[in-house]
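Coordinates in review
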Amino acid sequence: MLRSVTMRTTDVVVCGAGIAGVATAYLLTTRAGLRVALCDPRPPLTLTSDKSTECYRNFWPNAAMVALMNRSIDLMEEVSAESGESIGLNRRGYLYVTADPMRLKDLGAAAAVASGHGSGPVRRHGVGSAMPYEPSPDHGWVGAPGGFDLIEDPVVLRESVPGLSDSLVGGLHVRRAGWVSAQQMGAHMVERAVAAGAELIPHEVTGVDVVGGRVSAVRLVDGSTIGCGAFVNAAGPLVGRVADLLGVALPVHSEVHLKVAIRDTAGAMSRQAPLTILSDPQQLDWSDEERRHLAEAGRGDLVEEMPAACHGRPEGGSDSPFVLALWEYARQVREPTWPIPHDPLYAEVVVRGMAALFPAFAAYRDRMPHTVVDGGYYTKTLENRPLAGPMGPDGAFLVGALSGFGVMAACGVADLVTAHLTGAALPPHAAAFQLDRYDDPAYREEIAALADTGQI
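Right, let's walk through the structure included here. Starting afresh in each chain, residues are numbered from 1 along the sequence in its written order. In view of the model being predicted, local features appear only for residues whose pLDDT reaches at least 70, and side-chain atom pairs are presented and counted only at 80 or more, with totals across whole chains, interfaces and linings using the full set of residues. Side-chain measures were taken over the full set of non-hydrogen atoms in the model, leaving aside hydrogen atoms and water.

**Some details on the packing of aromatic side chains**
Each aromatic ring pair is characterised by the separation of its centres together with the angle its planes make. Each aromatic pair joins two rings of Phe, Tyr and Trp (for Trp, the six-membered one) with centres within 6.5 Å, and gets the label stacked for planes under 30 degrees apart, edge-to-face for over 60, and tilted for any other angle. Within the structure shown, the criterion is met by nine aromatic pairs. Ring geometry for Tyr329 versus Tyr346: centroids 5.9 Å apart, planes at 25 degrees, classification stacked. A residue pair is termed long-range when its members are at least 10 positions apart, and Tyr329 in the loop between β18 (322-326) and α8 (346-354) and Tyr346 in helix α8 qualify at 17 residues. Side by side, Tyr329 and Tyr346 carry an identical accessibility label, which is buried. Note on Trp338 and Tyr377: the rings are 5.4 Å apart at their centroids and 75 degrees apart in plane angle, and the pair reads as edge-to-face. Here Tyr377 lies in strand β19 (residues 371-380) and Trp338 lies in the loop between β18 and α8, a separation of 39 residues in the sequence. Throughout this description, buried means an accessible area under 20% of the type-specific maximum (1.4 Å probe, protein chains only), exposed means over 50%, and partly exposed covers the range between. You can call Tyr377 buried: its relative accessible area is 2%. Lysine NZ or arginine CZ positioned within 6 Å of the ring centre and within 35 degrees of the ring normal marks a charge as sitting over the ring. Taking the ring centre of Trp60 as reference, the NZ or CZ of Arg57 above it sits at 3.8 Å. Directly above the aromatic system of Phe433 lies the positively charged group of Arg385, at a separation of 5.8 Å from the ring centroid. Only runs of H or I of at least four residues qualify as helices and only runs of E of at least two qualify as strands under DSSP, and these elements are numbered from the N terminus.

**Brief notes about a negative patch on the surface**
A surface patch of like charges, here negative, comprises Asp436, Asp439, Asp440 and Glu445. Its location among the elements puts Asp439 in the loop between α9 (406-422) and α10 (441-448). The class for Asp439 is exposed, based on a relative accessible area of 59%. Nonpolar side chains (Val, Leu, Ile, Met, Phe, Trp, Tyr) within 5 Å and like charges within 9 Å form the patches, drawn only from residues with over 30% relative accessible area and no salt bridge. To be clear on the numbers: accessible area is Shrake-Rupley with a 1.4 Å probe, and residue cover counts the displayed protein chains and nothing else. The salt bridge criterion pairs a side-chain nitrogen of Lys or Arg with a carboxyl oxygen of Asp or Glu, the two atoms within 4 Å. Counted as positive: Lys and Arg. Counted as negative: Asp and Glu, with His and the chain ends omitted from the count. All charge positions are set by atom: Lys at NZ, Arg at CZ, Asp at CG, Glu at CD.

**Brief notes about the sheet that holds strand β10 (residues 199-201)**
A pair of strands is labelled paired if DSSP reports no fewer than 2 bridges between them. Pairing in this open sheet of six strands is mixed, and the strands run β10-β3-β2-β14-β21-β20 from one edge to the other. The open sheet terminates on both sides in strands that have one partner only, identified here as β10 and β20 (387-390). Strand after strand, the sheet turns through a mean of 15 degrees between neighbouring axes, direction not considered. In this structure, strand β3 (residues 36-39) lies alongside β10, joined through three bridges in parallel fashion. Bridging across to β10, Ala37 finds its partner in Glu199. Across the sheet, helix α1 (residues 19-30) is in contact with β2 (12-15), β3, β14 (230-233) and β21 (396-400); its angle to β3 comes to roughly 170 degrees. Against the sheet, α9 engages β2, β14, β20 and β21, with an angle of about 10 degrees to β20. To obtain each axis, a line is fitted to C-alpha atoms, and for helices this fit is confined to the stretch in contact; angles are then taken between N-to-C directions over 0 to 180 degrees. Two residues form a contact once any of their heavy atoms are found within 4.5 Å.

**A short note on the side chain of Thr29**
Inspection of the secondary structure assignment puts Thr29 in helix α1. One polar contact links the side chain of Thr29 to the main-chain carbonyl oxygen of Tyr26, over a distance of 3.1 Å. Once you skip the residues sitting within four places of it in the chain, Thr29 turns out to touch Leu34, Val36, Ala193, Ala196 and Ala198. N or O atoms within 3.5 Å of each other form a polar contact, as long as, within protein, one can give a hydrogen and the other can take it, and as long as residues adjacent in sequence are counted only when both atoms are side-chain atoms.

**As for unusual backbone geometry**
Cis geometry is found at the peptide bond from Trp338 to Pro339, where omega equals 0 degrees. Positionally, Pro339 belongs in the loop between β18 and α8. In this structure, Leu45 is a non-glycine residue whose phi angle is positive, near 65 degrees. With respect to the element layout, Leu45 can be found in the loop between β3 and β4 (55-57). In this structure, Ala401 takes a positive phi of about 55 degrees despite not being glycine. Inspection of the secondary structure puts Ala401 in the loop between β21 and α9. Looking at Ala401, the relative accessible area reads 2%, which means it is buried.

**Considerations on the packing of helix α2 (residues 63-82) against helix α3 (residues 101-119)**
Axes are the key here: two packed helices are described by the angle between their axes and the distance separating the axes. For the pair α2 and α3, interaxial distance at closest approach is 9 Å and the crossing angle is 55 degrees. By the criterion of interaxial angle, the relationship of α2 to α3 is oblique. Note on packing geometry: the crossing formed by α2 with α3 is right-handed. Between α2 and α3, the residues in contact are Ala63, Val66 and Asn70 and Ala114, His117, Gly118 and Ser119, respectively. Each residue receives one of three labels: charged for Asp, Glu, Lys and Arg, nonpolar for Ala, Val, Leu, Ile, Met, Phe, Trp, Tyr, Cys and Pro, and polar for the others, Gly being one of them. In the contact of α2 with α3, the residues fall into three nonpolar, four polar and no charged. We call two directions roughly parallel when the angle between them is under 35 degrees, roughly antiparallel when it is over 145, roughly perpendicular when it lies between 65 and 115, and oblique otherwise. For any pair of crossing helices, the crossing counts as left-handed if the nearer helix is rotated counterclockwise from the farther one by less than a right angle, and right-handed if it is rotated clockwise.

Honestly, it's all geometry; don't read function into it.
What follows is the structure, encoded as structure tokens:
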């Protein structure tokens, strides 16, 4: 299937075989009927796309992101059905929990905003409420509820997810959300794209030729050239470097993000749990001796108040012992390099953080379970909104800056670029993701007022 030919022509060259590039190749071939060359020196989905928790949600604070994600989830569900439900798509949901009654009110207010943008209705479950709460199904997504369940009764919360901390007063269960096997979804899309005529080219793109202001060919590291009428930059963390080939500067930066797989032999997390997220900051329970060692090692940051959003989910089937967990407590902005920087304390810090959600994780404080840490880069714009649309000369397009939502947004941004490239009608939310949004002075003022990595 992988081959290199010295001279060839095609309709579109897609640079990058991460989940966004694969989804773009899939839609361009199977739905637009175009010939596509998908170029990447690495096997598909092996740079960053396989380094996430593979989750998705339609809970966002603005209309454009909700519309993009709803469309992307629609397409993921179509792929799931097309694959015979073999990609592991579920509707377990995201469960944001808190020990602070005021923060629970904030979660409810955020759900109301997202609901107004099209994320679905908000159902409230207060103490003594007659509103029934429907737990998430363990598998699948067909017929599962959408919208939100605001759980204001801590009894209902702990009945829905056994093992949660008694300190938690409630939570917000986002229902059109869950996770998927990115590898299986990507493999299915690659298989369908190749069956429709796509070529997988295992070489790096080194240049893009422009004639008369329009893309005419792409040059590869092996010295070959592919004549084409369109080029899509889907290079993931390397999207800025590929844009440089066309003289286009992208307003993006990359952050190191890690995750840990924990062998949860104590059964600290329920196998039926949603992706569970602590919305509160916390302080870890280090001993005095541990605090001294951390200070001597220059890690005094770990004894201070830690940020919110320690989160995790079960991984694998009901008989699997593994949990995936993430906590970005130290923001590292840097130019992408491999191997990624390693934090030797990451696994222990995250396991301790998970104890605030599920207290049984405290059993691992004195004897760590088997863990595996990996990670990649979140490449993002300042306002943390993707880029999808034209880039530079005619025939050049971009799908990038997918930050921590690459798996969930891939089909949606691929859909936008396919529409741009083929001249199809664009949906109303398309303009919110184009590179030329930065040409608007009012937009630049708006993002200048944001805290970094905000979300317009």
